Amino acid sequence: MASDSTNDAFVVFDRVQKSYDGETLVVKDLNLSLPKGEFLTMLGPSGSGKTTCLMMLAGFETATHGEILLDGKPINNIPPHKRGIGMVFQNYALFPHMTVAENLAFPLEVRKMGKSEREAKVKRALDMVQMGEFGGRRPAQLSGGQQQRIALARALVFEPELVLMDEPLGALDKQLREHMQFEITSIAHNLGITTVYVTHDQTEALTMSDRVAVFEDGRIQQLAPPDELYEAPQNSFVAQFIGENNTLEGVVETISNGECTVRVADGSLIDAKPVNVTKPGEKTLISIRPERVEMGKSRLHPDAHTLKAEVLEFIYMGDIFRTRLRVAGRDDFVIKTRNAPDQKRLKPGEQIEIGWLAEDARALDA
Amino acid sequence: MSDATTADTAKNPSRPEAVLAADGTPLKKSLNRALRRQKIRALMLIAPLLLFVLISFVAPIGDMLFRSVENQIVSETLPRTVVALKEWDEASGEPPSEQVYQALYRDMFISVERKEHTRVGQRLNYETTGISSLFRKSGRKMDDIAEPYEDLILDVDKGWKTPERWATLYDSAGTSLPAFTSAYEAFVETMTEDGKDPATTKPWEMFYSELYDDIATGDAAGYNGPLSAELAAVTNAVQGFAAPSFADAFTEIEEDWADHEVWGTIKVYAPRFTPGYFLTSIDMQLGPDGIEAQPEEKQIYITLFKRTLIMSLVITGSCILLGYPVAWLLANLPMRVSNLLMILVLLPFWTSLLVRTSAWKVLLQQQGVINDLLVWIGLISDEGRLVMINNATGTIIAMTHILLPFMILPLYSVMQTIPPTYLRAAKSLGATNWTAFWRVYFPQSVPGIGAGSILVFILSIGYYITPEIVGGTKGVFISNRIAYHISSSLNWGLAAALGSILLAVVLLLYWAYDKIVGIDNVKLG
Ligand SMILES: Nc1ncnc2c1ncn2[C@@H]1O[C@H](COP(=O)(O)OP(=O)(O)O)[C@@H](O)[C@H]1O
Ligand SMILES: [Mg+2]
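Residues numbered from 1 in each chain as written. Chains lettered and ligands numbered in written order. Predicted model: local features only at pLDDT ≥ 70, side-chain atom pairs only at ≥ 80, totals over all residues. Heavy atoms only, no water.

**Some thoughts on the overall build of chain B**
So, point 1. Across its full length, chain B carries 25 helices and two strands.
So, point 2. What you see for chain B is a C-alpha radius of gyration of 36 Å, clearly larger than the 24 Å of a compact globule of 525 residues, by over 25%.
So, point 3. Summarising its shape, the C-alpha atoms of chain B cover approximately 115 × 90 × 50 Å along the three principal directions.
So, point 4. The buried share among the 525 residues of chain B stands at 42%. (Helix = DSSP H or I, 4+ residues; strand = E, 2+ residues; numbered from the N terminus. Rg over C-alpha atoms; globule rule 2.2 N^0.38 Å. Buried < 20%, exposed > 50% of the residue type's maximum accessible area, 1.4 Å probe, protein only.)

**Side note on the nonpolar core**
For soluble globular proteins, the rule of thumb is that nonpolar side chains tend to be buried together.
So, point 1. Ranked by size, the top nonpolar core spans 100 residues in total, and within it L57, F95, F106, L162, L164 and V196 of chain A carry the most contacts.
So, point 2. Sort the elements by how many residues they give to this core and helix α20 (residues 392–416) of chain B lands first, with nine residues.
So, point 3. Counting residues in hydrophobic clusters, the runner-up holds 63 residues, among them A146, A173, W204 and V262 of chain B. (Core = buried A, V, L, I, M, F, W, Y, C linked by side-chain atoms within 4.5 Å.)

**Side note on the environment of Q366 of chain B**
Residue and element names in this part refer to chain B.
So, point 1. Counting through the fold element by element, Q366 comes out in the loop between α18 (353–364) and α19 (369–377).
So, point 2. Here Q366 falls in the partly exposed class, since its relative accessible area comes to 35%.
So, point 3. In this structure the C-alpha to C-alpha distance between Q366 and I215, which are 151 residues apart in sequence, comes to 76 Å.
So, point 4. Residues within four places of Q366 in sequence aside, it is in contact with N371, R385, L386 and V387. (Contact = heavy atoms within 4.5 Å.)

**So, the interface of chain B and chain A**
So, point 1. Counting residues at the interface gives 16 residues for chain B, matched by 22 residues for chain A.
So, point 2. Taken together, both faces of the contact between chain B and chain A bury some 1800 Å²; the carbon and sulfur share is 66%.
So, point 3. Three residues, R424, L429 and R439 of chain B, lead the burial of chain B against chain A; their summed loss comes to 40% of the area buried on that side.
So, point 4. Taken together, chain B and chain A are joined by two salt bridges.
So, point 5. Across the pair R424 of chain B and E61 of chain A runs a salt bridge whose closest N-O atoms are separated by 3.5 Å.
So, point 6. On the surface where chain B and chain A come into contact, there are four residue pairs in polar contact (both at pLDDT 80 or more).
So, point 7. Secondary-structure elements contributing two or more residues to the side of chain B that touches chain A are α21 (421–428) and α22 (433–461) of chain B.
So, point 8. Its residues placed into classes, the side of chain B that touches chain A shows seven nonpolar, six polar and three charged. (Buried area = accessible area lost by both parts, 1.4 Å probe. Salt bridge = Lys/Arg side-chain N within 4 Å of Asp/Glu carboxyl O. Polar contact = N/O pair within 3.5 Å; in protein donor to acceptor, adjacent residues only side chain to side chain. Nonpolar A, V, L, I, M, F, W, Y, C, P; charged D, E, K, R; others polar.)

**Brief notes about the sheet that holds strand β17 (residues 320–327) of chain A**
Residue and element names in this part refer to chain A.
So, point 1. Sheet architecture is open: five strands sit in the order β15-β19-β16-β17-β18, paired in antiparallel fashion. The open sheet has two free edges, formed respectively by β15 (294–295) and β18 (330–338), since each of these has just one partner strand.
So, point 2. In this structure, strand β16 (residues 307–316) lies alongside strand β19 (residues 351–355), joined through four bridges in antiparallel fashion. Each residue of the ladder has a partner; that of K308, found in β19, is E353. (Pairing = 2+ DSSP bridges.)

**Some details on a nonpolar patch on the surface**
So, point 1. On the surface, L43, L45, I46, L49, L50, L51, F52, V53, L54, I55, F57 and V58 of chain B cluster together into a nonpolar patch covering about 1200 Å² of accessible area.
So, point 2. You can see F52 of chain B is positioned in helix α2 (residues 27–67). (Patch = residues over 30% accessible without salt bridge, like charges linked within 9 Å, V, L, I, M, F, W, Y side chains within 5 Å. Areas by Shrake-Rupley, 256 points an atom, 1.4 Å probe, with all protein chains shown as cover.)

**Topic: the side chain of R165 of chain B**
All names here are of chain B.
So, point 1. Positionally, R165 belongs in helix α9 (residues 163–173).
So, point 2. There is a polar contact of 3.0 Å between the side chain of R165 and the side chain of D157.
So, point 3. If sequence neighbours within four positions are ignored, R165 has contacts with D157, G159, W160, L227 and E230.

**Side note on the sheet that holds strand β3 (residues 39–43) of chain A**
All names here are of chain A.
So, point 1. What the six strands build is an open sheet, ordered β6-β7-β8-β3-β9-β10; its pairing is mixed. Each edge of the open sheet is held by one strand with a lone partner, namely β6 (85–88) and β10 (219–224). Recorded for the sheet is a direction-independent mean angle of 15° between the axes of neighbouring strands.
So, point 2. The pairing of β6 with strand β7 (residues 162–166) spans four bridges and is parallel. Of the residues in β7, the one forming a bridge with M87 is L164.
So, point 3. In this fold helix α4 (residues 144–156) packs onto β6 and β7, with an angle of close to 170° to the strand it touches most, β6. (Axes fitted to C-alpha atoms, helices over the stretch in contact; angles between N-to-C directions.)

**Points about a positive patch on the surface**
So, point 1. A surface patch of like charges, here positive, comprises K29, R33, R36 and K39 of chain B.
So, point 2. For K29 of chain B, the location among the structural elements is in helix α2. (Lys, Arg positive; Asp, Glu negative; His and termini not counted. Charge placed at Lys NZ, Arg CZ, Asp CG, Glu CD.)

**Concerning a negative patch on the surface**
Residue and element names in this part refer to chain B.
So, point 1. A contiguous patch of negative charge, built from D143, D144, E147, D151 and D155, is present on the exposed surface.
So, point 2. With respect to the helices and strands, D155 occurs in helix α8 (residues 142–156).
So, point 3. On the basis of relative accessible area, D155 is assigned to the exposed category, the value being 64%.

**A word on the domain arrangement of chain A**
Much of the literature gives interface size as the accessible area that the parts lose upon coming together.
Residue and element names in this part refer to chain A.
So, point 1. Annotation of chain A at the domain level lists domain 1 (9–237) and domain 2 (244–365).
So, point 2. The centre of domain 1, based on its C-alpha atoms, is set 39 Å off from the matching centre of domain 2.
So, point 3. At the interface, eight residues of domain 1 touch nine residues of domain 2.
So, point 4. When domain 1 packs against domain 2, close to 750 Å² is buried across both sides, 40% of that on carbon and sulfur atoms.
So, point 5. Sorting the residues of domain 1 by area buried against domain 2 places Y230, P233 and S236 first, and these three jointly supply 63% of that buried surface.
So, point 6. Between domain 1 and domain 2 we count zero salt bridges in total.
So, point 7. Run the count over domain 1 and domain 2 and you get five residue pairs in polar contact (both at pLDDT 80 or more).
So, point 8. Ranked by the residues each element gives to the side of domain 1 that touches domain 2, the list is headed by helix α7 (residues 226–231), at three residues. (Domains from an automatic or database assignment.)

**Side note on the site of ligand 1**
Residue and element names in this part refer to chain A.
So, point 1. If you check the shell around ligand 1, you find Y20, V26, P45, S46, G47, S48, G49, K50, T51 and T52 and nothing else.
So, point 2. A distance of 3.2 Å separates an oxygen atom of ligand 1 from a polar atom in the backbone of S48.
So, point 3. Contacts to ligand 1 include G49, whose backbone N or O atom sits 3.1 Å from an oxygen atom.
So, point 4. With the chains in place, 56% of the 560 Å² that ligand 1 exposes on its own is no longer accessible. (Near = heavy atom within 4 Å.)

**Points about unusual backbone geometry**
Residues and elements named next belong to chain A.
So, point 1. Positive phi values are uncommon outside glycine, yet N257 reaches one of about 50°.
So, point 2. Residue position: N257 is located in the loop between β11 (246–256) and β12 (259–264).
So, point 3. You will see that A328, though not glycine, has its phi angle at about 50°, which is positive.
So, point 4. Residue A328 is classed as buried on the basis of its relative accessible area, which comes to 10%.

Shown next, in the form of structure tokens:
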């Protein structure tokens, strides 16, 4: 059943479907495989089925259809406590009536581990998250970030090969979140564990993961490493969801040799790279990253197409300038320019000419 | 060590200065002023309830505590007897002296006139049965005791029949006629209370015996008022008169007046306050030699207290066992289903307690539904029908049913706050369903169990209606006995003592619970 590429895979979702109410599918035909040691992130808007996938993997929900394999073995009929999967919950789920050390010892105790070995492991896990001093405290006596570390330590203390994390940093403030992102990835890589991480924060997904699976409406829209996801989105949903993105609606005019021209709303032609279009006459959405837009023709091909634009707003952001333009009838077109000594600071009302390399403008599905 | 401390204090002699508000007053003071209005308003909001609680709850409890030791009635109704009895040694086994009987005669006569003798008889009857009828019967005969004296004096001069004569005598007596004066004062007081004029009301027969007494003791010789001549005539007549003995007169009326046990009871219960009710409540009594056990056949209260406590514990336990799963379902089922279930749980609250209890009677009796069913199935034979009502089993079944909501509701409200992720977390960490429940879920639901248990236990310890209806004799609680003493035997003092003990037991348990579990571990919502 499984294809060749999944032979050495550690976790495999094979045509998995899930419905809670028997009427709508929350997860639709999910195929996913990840090798040992990979850090995979499920990214998607709220309600897109990420948690459901995680719960099916952990054993708290059963797949309505399809199979989930762990290390080559189907796990549909293995109860959660026998799967040996570490898990970090969004609200941490630290047991409030136990101390931190008791929380950490819990998975070891239920595995009937001896006292001295248990204590050594708990200590090692606490040291790993730099919380060695806090073993005697109750979870309620810890800050959010500290609870987060304890939850992480508890999920790792029994040395699982697979760890699942469901929006573990959702409740932390920005600075702490960034710090913890770094810590989680470095621990995961040091221990060589396989991680499935769920988040709706795209920065988190991009900075932490080996690969990102973008979810929407119960389907994986694209599964790729972060750079590919950002630079080469496969469809307009991914392009919009990841990073900042300008879109222009249009109709394909010509298409040849991996390049195409598209006529946009105001009648002008632009160059683009056909991704989801195959023939002239098709409607398309062009996606261009704000930092790939050029002002003037100096760095473009001599017969590249350009568009007229009017500056609406200029925002000084320190390291970059963010300029909002009116282009082809839309006034939400944004460009970003580096704050270099020779960079021109535009004024509202100014008329300029913009263009781009054909491969930076991706003609996606409309 | 001490060096270091002195050095520290020497280094830091100045205390931190009080922080001042913008206008220069100390911050604490201006804060207090700002908060005072709020406090007064809050106080006014709770004032109606506070008053209500004070009047309808605290005051009755205070009254109950007072009643449980109060014993004024004996010393107020029989003041002379109580004083005279001090001399009497009950250990001698002999009836008391003639003086005591005379004092009893005076007290009895007055209390008969005031219609108080039956009440004191009833009070003493709680301690020694028979005293009530002794007092009632003797009361009617007090005039008989006075009769020889009346005849003696009236034979001398019929003028002594008029109220005016006695009034004049009293006014002119000074200190010369102490016995008569005391009797006349009681007469005046009684008449005034009854709204009659002592100067025109028929005189008490007792005056004759008291006047005789004053003459016999020689006190009357000191009289020199307007009635000296009349008094001299009586004194002459008295010379040859052989006064009958009061002791004989009383024993003639009732043999029991020679019984030293009756006198022992009067003496023991003479003080204004008595531990007697409390002692009775724990199957003890005050004897002549101090505290002793009640006779075997009268020992019921300790048994009742024990039964009440044990059965309340059993009821609380069965409420936990039955209520826990229901509360769990309530907290974990989807909203729509759990609402329906909640209505079922609350349904008993909407039906009369009496109806529910009577329904159990129908179900549980020997010719009842359950027995019929069991016989029909063949589990028991027709002769072997189970006795499930009018005994402890009936009380436990019916009360568990009635008190179940009080266990389920606090449990439910606590369980609702336990997120299901805890169980999932425990399972993901390798715990089986049972371990996850027992190590993670259950400890977090303990506050609910605590709250429910306190509620159910305290309610059941004082329950009355249900044990009364389905308890028979073997399934009644101490509260049923309290109710009996309040409404049937009218021994309110004993009822108050039993109630006070119950209150003390509850407080004690509450304290123990606080020590063991911690009262802040109790969550009602
Ligand atoms: N236990 C459940 N019962 C019914 N519907 C559910 C349940 N859990 C999630 N859903 C539905 O499934 C969809 C996906 O939910 P979820 O997997 O939690 O999404 P995400 O984690 O991506 O936000 C949502 O529409 C949600 O309403
Ligand atoms: Mg989710």
